[in-house]
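# Observations on chain architecture
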Amino acid sequence: MATLRAECSLDMECPKEVVVWNYYDHEHVVGTHYKYYNRFRIIAERHDWCLVERFYKLPIIHLRASSMGLMFMESPNLIRSIQFGKLGLDLHQEIHLEDLGPERCRVTCVYTMEVPILVKPLEPLFRRVITQWFHDTWDEDAPMRIRRWKVWKLGFRDFRGLDYVNDKTAKPAGAGEKYRPYPMKLPVPKTPEAGRGASRPFDTSVEVGY
Ligand SMILES: [Fe+2]
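## Comments concerning the coordination of the iron ion
- Protein coordination at the iron ion: the donors are His28 (NE2), His33 (NE2), Asp141 (OD) and Asp141 (OD), at 2.1 to 2.3 Å from the metal.
- All donors of the iron ion belong to a single chain; written as a sequence motif, their spacing is H-x4-H-x107-D.

Below you can see the structure in the form of structure tokens.
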């Protein structure tokens, strides 16, 4: 056997806890990443671990696939995800989260896959597919993460929003200026209609309102 390996790293303008929220927010994959994902189904979820089935299309090789994914937090700085593919190939992903300041972090993803030795020459293609996937989904996730961090600082609460906006009152003095730590609270809250599983709501879109 041989190991295929790929590594991608980028910095994010929000605390790492917001990135953790984003990784555990299964609902957004069929909306924000509608070009890649067409369905997800949560089999089980408790505390920081979850078992989720996902259906998607891989970039570059345009292969439709699905996998059962187990994800858990090995430490506050490391999410581990194992995607069990239908062909018996498992993709192991380490998501390393490093604080670069109170409102900034670095996300480094290391992907490995054990394959028969004859498949080793395909490692450059494996890296291209993984790297493209990482950057495309990053570009879609980043505005959502930054927006969430921004409204969190203004006092946002899940399924309630901002009280001063709901009440149509003036923004309280100092709102958004005081540092309000983002909690690492898992699992993340779900909507009753789509929280346990959903299909892609559209095939094409110019703007995704998540
Ligand atoms: Fe995402």
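## Describing the packing of helix H1 (residues 16–24) against helix H2 (residues 123–153)
- One can describe the packing of H1 onto H2 by two numbers: an axis separation of 10 Å at closest approach and a directional angle of 125 degrees. In terms of orientation, H1 lies oblique with respect to H2. For H1 against H2, the interelement crossing comes out right-handed. Along the contact surface, H1 presents Val18, Val19, Trp21, Asn22 and Tyr23, while H2 presents Asp141, Met144, Arg145, Arg148 and Trp149.
- A breakdown of the residues in the contact of H1 with H2 according to their chemical character gives six nonpolar, one polar and three charged.

## Some thoughts on H2
- The end-to-end C-alpha distance of H2 is 43 Å, a good match for the 45 Å that 31 residues give at a rise of 1.5 Å each.
- At aspartate 141, H2 shows its strongest bend, of approximately 30 degrees, with the proline proline 143 following within four residues.
- Directly beyond the C-terminal end of H2, a positive phi value near 110 degrees is found at glycine 155.

## So, the pairing of strand S6 (residues 90–101)
- Bridging between strand S5 (residues 78–85) and S6 involves seven bridges; their strand directions are antiparallel. The residue of S6 that forms the bridge with isoleucine 79 is isoleucine 95.
- Counted between consecutive antiparallel strands, the loop separating S5 from S6 contains four residues, among which glycine 88 sits at a positive phi close to 85 degrees.
- The sheet contact formed by S6 and strand S7 (residues 104–115) spans 10 bridges and is antiparallel. By the bridge assignment, aspartate 99 is partnered in S7 with cysteine 105.

What counts and how
- Residues numbered from 1 in each chain as written.
- Predicted model: local features only at pLDDT ≥ 70, side-chain atom pairs only at ≥ 80, totals over all residues.
- Heavy atoms only, no water.
- Donors = N, O, S within 2.8 Å, 3.2 Å for Na, K, Ca; no water.
- Axes fitted to C-alpha atoms, helices over the stretch in contact; angles between N-to-C directions.
- Helix = DSSP H or I, 4+ residues; strand = E, 2+ residues; numbered from the N terminus.
- Parallel < 35°, antiparallel > 145°, perpendicular 65-115°, else oblique.
- Left-handed = near helix turned anticlockwise from the far one by under 90°.
- Contact = heavy atoms within 4.5 Å.
- Nonpolar A, V, L, I, M, F, W, Y, C, P; charged D, E, K, R; others polar.
- Expected span 1.5 Å × (residues − 1).
- Bend = angle between axes of the 7 residues up to and from the residue.
- Pairing = 2+ DSSP bridges.

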